[in-house]
Amino acid sequence: MTRAFSPPESGSDWEPQRQIIEAAQSGDLEAVGSLYDAHINQVYRYALARLGNVQDAEDVAEEIFHKMLSGLPSYQWRKVPFAAWLMRISHNEVITFVRRKGRRGIDTELPDDIIDRGNNIDPAETTERTMALEDLRRAVKLLPEAQREVIILRFASGLSVADTARALSKNENNVKVLQHKGMQRLQVLMQPKYPELAQRQA
Amino acid sequence: MSRISRKPIETLLEECLQAYDAGLAPEECLEAFPSARAELEPLFRQALSLRVAYAQAPSDDFKREARERFLFAAGRDVSAAFAGEPEAEFKLDARRRLIYAAGAAAQDALRDVPPPRLPFWINARRRLLEAATVTPMPSRAPAFAIGLSLRTGLSAAVVVLALTIAGLTYIGTNGPRSVDAEYNALNAQIQDVQDQLDNGQQVKSEVIVDLSRRTSELAAKLTETESSPIAAKLPELIDRQRDVVAIVSSSGPLDPALEQATKQLNEADIRLAATRLDQETPVPGEPTEDASATEGPSASATLAPTARPQPVAKGQVLLTALTNDKTLGLEWTEARSSNLRLVFPSAWKVTRGEPGETVITATSIRIDSPESPPRTIILVDMKTGEIIALVNGHPLILRDGEADGKKISADDLIAALGEDATDTITMFHIVESITVSGELAP
């Protein structure tokens, strides 16, 4: 029997996750595998957003799960939600990785599966949309560190405001403000190339 | 659907995103906040764009392969990697990752894990014995008597008398004292201290430190002497002193002197443990002198002192129960090939060969601890001498396959296995037992 779960969005969904984590802590390999399945995308997206390079993101994502494995026995459910704990490991691991190896260049091109996600069959419009998203990712890299971290955790890893706050050891209001400021700055950065954003705002 | 809201825009955006996640169309989400729509809409659309911009998932190949490696590290699928005949490329890759993971784990542990706890030291015999080496306390000269005589200018007779008294006092307090006498003195003084505490009296920390120091010294003496019944009694004295330290500590601020006392008591414990281990543990690999023991699967388990180990043909592994090795209170089995030897707990299972078989034709073996799934897996390549273990998901190179065959150090072992003392102790004994004779395949 394969157990699987999604990262919980609210407190009421935590119980299945809690059971899986406790099983993993007691050495249940199936549960360990479930944790991997549930969080690999989240971790990978975070690593990719921070490092901007698929190869680096894969290396770091794998390393993050090894770190998770080492830390799992000491993880305490009551102190911090699992996703926030894992993203804290991710945050530290990315910093360690960059310090150790530097960056191996940045891939800004989006893969085809993302481009197709808009269900847009007009090639020109699809290309335009793709370029806008690539520009948006470039713009995120220009944000101040704290704002960028919040934006990435919220929109790349899909963490809630509460979990983002836990992962970064900040309070929720602080996270909301950082997110808001980051998004305002993104609008400013994107405006010269995409003036319709400014028009919409007006 | 509309509502008047004075909430901050950050909160409105959050609510809007939640409504979207709940299944509403973007337009429906925005309609809920008409008064804030102008400000909210660009933020909301940008948030959705950000989600799409970062929606890139890892490739299926990476996910699958990383999952395999992850579970490999967690203790699964090791057999697929080593028990069969893995592809050379995979083996090299897995080895590189194992070494990397083990190194990283060790570094982390060195950073994060507090100094080793007692149980590990019980088994780190080499280090223990170094620690247990007694540094003689500098003897204090009976200076007070000499000073007394000079100051007072007493007659020669008085000086002689004073020196005699001082000498007797010195011998009584600092001179050589038998182990039994010192134990009895300590016992009585600790009892006095406990009585004082029971009566609500204060005990000076200097007294406690002095008692713990003498206890540690007594334990050190025991390591140098033949087995003494005091060795069995001393732990109780140590425990009583720990109680005293706990009571005194609880009644006031942190006292460095009490920390020193605790340290000295720990040292005493360590020294005693070393004494016990030396008395109980036969040196791994040495034939025992118990010629009457015959229950082992092979005659080599009960060799007479002059007998040579049973020769093992190339490509074979001989398993022998070591009936007299009771290290850590466990039964141990020896695995020996023509050029490599190690021991492991007899309750562990060798996955090659039939149950009970004592000679296995194989160039590599896998040994699993008895839990299901096994908490520890050891993979031994008898040809190259490479020995890899997975303990609680921690990959460890116990001995590398290089010509010089470096074994994992005690520091690295404890760094990797950290606080799980049982695994650390067992693994330490296994590592200690690894011996290589002759040349191994490169």
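Here is a short report on the structure shown in this document. Only a predicted model underlies this, so the values are computations on that prediction, with no experimental measurement involved.

### What to know about the overall build of chain B
Inference 1: Summing up its helical and strand segments, chain B has 16 helices and 10 strands in all.
Inference 2: Within the span of chain B, comprising 442 residues, buried residues form 44% of the whole.
Inference 3: When contacts within chain B are restricted to residue pairs at least 6 apart in sequence, those whose partners lie at least 24 apart make up 56%.

### Concerning the overall build of chain A
Inference 1: Scanning chain A from terminus to terminus reveals 10 helices and 0 strands.
Inference 2: Seen in sequence order, chain A has helices and strands lined up from the N terminus as α-α-α-α-α-α-α-α-α-α.
Inference 3: The contacts of chain A with a sequence gap of at least 6 include a subset with a gap of at least 24, amounting to 66%.
Inference 4: Accessible surface computed for chain A: about 9,700 Å², of which carbon and sulfur atoms make up 48%.

### Remarks on the interface of chain A and chain B
Inference 1: Contact residues are listed per partner, giving 50 residues for chain A and 41 residues for chain B.
Inference 2: At the boundary of chain A with chain B, total buried surface from both sides reaches about 4,400 Å², with 64% on carbon and sulfur atoms.
Inference 3: A salt bridge links Asp37 of chain A to Arg67 of chain B, with the nearest nitrogen and oxygen atoms 2.7 Å apart.
Inference 4: Between the two partners, chain A and chain B, sit 10 residue pairs in polar contact (both at pLDDT 80 or more).
Inference 5: Those elements that provide at least two residues to the side of chain A that touches chain B are helix H2 (29-51), helix H3 (54-71), helix H6 (123-141), helix H7 (145-156), helix H9 (172-190) and helix H10 (196-201) of chain A.
Inference 6: Residue contributions to the side of chain A that touches chain B peak at 13 residues, all from H2 of chain A.
Inference 7: A breakdown of the residues in the side of chain A that touches chain B according to their chemical character gives 25 nonpolar, 11 polar and 14 charged.

### Focus: the nonpolar core
Nonpolar side chains in soluble globular proteins tend to be buried together.
Inference 1: The biggest cluster of nonpolar side chains holds 82 residues, and the ones touching the most others in it are Met68 and Phe82 of chain A.
Inference 2: Per-element accounting of this core gives the leading share, 13 residues, to H2 of chain A.
Inference 3: With 33 residues, the next largest nonpolar core counts Leu340, Ile378, Leu413 and Met427 of chain B among its residues.

### Some details on unusual backbone geometry
Inference 1: Phi is positive for Ser169 of chain A, close to 55°, though the residue is something other than glycine.
Inference 2: Checked against the element boundaries, Ser169 of chain A lands in the loop between helix H8 (161-168) and H9.

### Things to note about the sheet that holds strand S1 (residues 316-322) of chain B
Residue and element names in this part refer to chain B.
Inference 1: If you walk across this open sheet you meet the 5 strands as S5-S1-S2-S3-S10, and the pairing is antiparallel. Two strands close off the open sheet at either side, each with one partner strand: strand S5 (359-361) and strand S10 (435-436).
Inference 2: Across 2 bridges, the pairing between strand S3 (residues 340-345) and S10 is antiparallel. Among the inter-strand pairings, Leu340 is bridged to a residue of S10, identified as Val436.

Conventions and cut-offs
Residues numbered from 1 in each chain as written. Chains lettered and ligands numbered in written order. Predicted model: local features only at pLDDT ≥ 70, side-chain atom pairs only at ≥ 80, totals over all residues. Heavy atoms only, no water. Helix = DSSP H or I, 4+ residues; strand = E, 2+ residues; numbered from the N terminus. Buried < 20%, exposed > 50% of the residue type's maximum accessible area, 1.4 Å probe, protein only. Contact = heavy atoms within 4.5 Å. Areas by Shrake-Rupley, 256 points an atom, 1.4 Å probe, with all protein chains shown as cover. Buried area = accessible area lost by both parts, 1.4 Å probe. Salt bridge = Lys/Arg side-chain N within 4 Å of Asp/Glu carboxyl O. Polar contact = N/O pair within 3.5 Å; in protein donor to acceptor, adjacent residues only side chain to side chain. Nonpolar A, V, L, I, M, F, W, Y, C, P; charged D, E, K, R; others polar. Core = buried A, V, L, I, M, F, W, Y, C linked by side-chain atoms within 4.5 Å. Pairing = 2+ DSSP bridges.

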